[in-house]
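# Structural overview for review
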Amino acid sequence: MLLSQLNYDLPRELIANSPVSPRDHSKLLVINRETASISHKHFLDVSDLLTSRDVLVFNNTKVFPARAIGKKESGGKVEVLFLKNLGNNVWEILGKGIPPIGGTILFPNFYAIVTKKSFDSVQIEVFTEGQELMDILAKSGLTPLPPYIDTKLSENQVREKYQTVYAKESGSAAAPTAGFHFTPELIDKLKNKGVEMEYVTLHVGAGTFLPIKEKSLANHKMHSEWFSLDPKTASRLNAAKAAGKRIISVGTTTTRVLESAAVNNKLTPKTGETDIFIYPPYKFKFVDGLITNFHLPHSTLLALISAFVSKPNLPAQTGTDNEFIDFNSSVAGIAYKEAIENKYRFYSFGDAMFIE
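Reading the values: the criteria
- Residues numbered from 1 in each chain as written.
- Predicted model: local features only at pLDDT ≥ 70, side-chain atom pairs only at ≥ 80, totals over all residues.
- Heavy atoms only, no water.
- Helix = DSSP H or I, 4+ residues; strand = E, 2+ residues; numbered from the N terminus.
- Rg over C-alpha atoms; globule rule 2.2 N^0.38 Å.
- Buried < 20%, exposed > 50% of the residue type's maximum accessible area, 1.4 Å probe, protein only.
- Pairing = 2+ DSSP bridges.
- Phe/Tyr/Trp six-rings, centres within 6.5 Å; stacked < 30°, edge-to-face > 60°.
- Lys NZ or Arg CZ within 6 Å of the ring centre and 35° of its normal.

## A few points about the overall build of the chain
- Helix and strand counts for the chain come out as nine helices and 19 strands.
- Against the compact-globule benchmark of 21 Å for 356 residues, the chain has a radius of gyration of 20 Å, which places it among compact chains.
- Once the C-alpha set of the chain is aligned to its principal axes, its extents read approximately 65 × 40 × 40 Å.
- Taken across its 356 residues, the chain has 53% of its residues classed as buried.

## Observations regarding unusual backbone geometry
- A cis amide bond links Ser21 to the next residue, Pro22, at an omega of -5°.
- Within the secondary structure layout, Pro22 lies in the segment before strand 1 (27-32).
- With an omega dihedral of 10°, the bond running from Lys311 to Pro312 counts as a cis peptide bond.
- Its location among the elements puts Pro312 in the loop between helix 8 (300-308) and helix 9 (331-341).
- Phi at Lys343 takes a positive value of approximately 60°, unusual for a residue other than glycine.
- Following the sequence through the fold, Lys343 ends up in the loop between helix 9 and strand 19 (352-355).
- Since its relative accessible area comes to 53%, Lys343 is described here as exposed.

## Some remarks on the pairing of strand 19
- Because side chains alternate across strand 19, one face comprises the buried residues Ala352 and Phe354, and the other comprises Met353 and Ile355, equally buried.
- Pairing between strand 1 and strand 19: four bridges, direction parallel. Bridging from a neighbouring strand, Leu29 pairs with Met353 of strand 19.
- Alignment of strand 18 (residues 289-293) against strand 19, held across four bridges, turns out to be antiparallel. Paired with Thr292 across the bridge in strand 19 is Met353.

## Some thoughts on the packing of aromatic side chains
- Taken as a whole and assessed by the stated rule, the structure comprises 27 aromatic pairs.
- Their ring planes at 80° and their centres at 5.0 Å tell us that Phe43 and Phe182 sit as a pair that is edge-to-face. Residue Phe43 is found in the loop between strand 2 (37-42) and helix 1 (46-49), and its partner Phe182 is found in the loop between strand 11 (169-172) and helix 4 (184-192); the two are separated by 139 residues along the sequence. As far as burial versus exposure is concerned, Phe43 and Phe182 are alike and both buried.
- Considering the side-chain rings of Tyr282 and Phe284, the 5.0 Å spacing of their centres and the 85° angle between planes classify their relative orientation as edge-to-face. In this pair, the class of Tyr282 matches that of Phe284, namely buried.
- A connected cluster of aromatic rings, assembled from ring pairs, spans Tyr8, Tyr148, Phe294, Phe327, Tyr336, Tyr344, Phe346 and Tyr347.
- The ring of Phe308 has Arg33 lying over it, and the distance from NZ or CZ to the ring centre is 3.9 Å.

Structure, rendered in structure tokens:
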């Protein structure tokens, strides 16, 4: 499969710079895979689409203020995005203005030395004089908003908005944005209907948000991301699956956890790293439904949802082959076209899609 097959045109004015309020009043596009039909609702209507035969699985990772501004010893500006703690005060980062190996980056309350620098990886050793880096960043770091968002919100407002209401485990440099649409009130309403809810963790990093650069998707190497599926959660999900309940993944990161841990439609508890890259014609092993946002062209996220609504993941009764040819002619591409025509809001702070 070629990268050129994952393209579409989006008017820039449809990129959302802030979420709607309340969160569950965002638009919701629904794709029914059995009928290959598309319908338009609002996210709070999801309570009418789910029943006690459904299980929602969330990624409870929490975004930390992973962006920090420093300077070189010469005075030049350095911008760093902390991605992953590798242990012994060594961090994997992305950045601008990074000095060469051995160079020093001076931050307001700590400093770092560059220990590795290549075309696809930068590592630094951090020196904090006994303080915890996460505590320092909590006070002086900045929320790592995607570069396409141009917001007028303050840092305190952004920290609240760029976080799910159920975030718990700190460690992400980007948010699992499909979860933005859930409010405490909507969660309570779904629980009262008997919808089961489970939580996994994947700390979002470069694997999720870095663009694909290879012409052939087979040559793209995903950066690994830390995840955890505990034994009790895996057991409950396996029991629900065996009982014929519908497993609905909230977001592509949750999907990657479940598919990384699934063999023969059964989950194995796991904690570790995953670099799973899902694209057509991948056959999903555990996930039956997907709640997600609208994603960037040429992204791994667009590849994943393209796979979910194309062969071999569509029921035979749709009456069509649905082999993935390119995004624009696919079921997902047709849905995106309708979303653009109906002025849906795109990307992290944008509207939602439910693929059932």
